Amino acid sequence: MSKALSKAKGFKTSKSGTYLSMATTAFGALGVAKQIKKARTEKDTLRLIDASVSAIAIVTGLAVLYRELKRLGDDDVLLG
């Protein structure tokens, strides 16, 4: 296996990969915010509960990714 390919496979566990995962997870918050706004205007309790659970999942996912970022420290896979 080439060195470049092995670096690409380690991208998910690198700082860059973790930042990318955090960004995509945070981007999902925009959809949840729209869902909450729509549920409030329609006074739909079930959709509001669903959106709230999704928001909690996003916060939890970001917390896990942040912890992983702290755990990585200086041993970044892509740096060498």
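Residues numbered from 1 in each chain as written. Predicted model: local features only at pLDDT ≥ 70, side-chain atom pairs only at ≥ 80, totals over all residues. Heavy atoms only, no water.

Engineer: Looking at this structure, how should I read the packing of helix 2 (residues 15–42) against helix 3 (residues 45–72)?
Structural biologist: Angle between the axes and distance between the axes: these two values describe a pair of packed helices. Contact geometry of helix 2 with helix 3 gives a least axis separation of 9 Å together with a crossing angle of 165 degrees. Judged by the angle between their axes, helix 2 and helix 3 are roughly antiparallel. Taken as a pair, helix 2 and helix 3 cross one another with a handedness that is left-handed. Considered class by class, the residues forming the contact of helix 2 with helix 3 number 16 nonpolar, six polar and six charged. (Axes fitted to C-alpha atoms, helices over the stretch in contact; angles between N-to-C directions. Helix = DSSP H or I, 4+ residues; strand = E, 2+ residues; numbered from the N terminus. Parallel < 35°, antiparallel > 145°, perpendicular 65-115°, else oblique. Left-handed = near helix turned anticlockwise from the far one by under 90°. Nonpolar A, V, L, I, M, F, W, Y, C, P; charged D, E, K, R; others polar.)

Engineer: What am I meant to see in helix 3 here?
Structural biologist: Structural remark: α-helix, 3.6 residues per turn; residues separated by three or four positions point the same way. The end-to-end C-alpha distance of helix 3 is 41 Å, a good match for the 40 Å that 28 residues give at a rise of 1.5 Å each. All of the buried residues along helix 3 are Ala51, Ile58, Leu65, Leu69 and Leu72. Where helix 3 is buried, its residues meet helix 2. Here helix 3 starts with a cap whose side-chain oxygen sits 3.3 Å from the backbone nitrogen of Leu46, and that cap is Asp44. Directly after helix 3, the chain includes Gly73, whose backbone phi takes a positive value near 55 degrees. (Expected span 1.5 Å × (residues − 1). Buried < 20%, exposed > 50% of the residue type's maximum accessible area, 1.4 Å probe, protein only. Contact = heavy atoms within 4.5 Å. Polar contact = N/O pair within 3.5 Å; in protein donor to acceptor, adjacent residues only side chain to side chain.)

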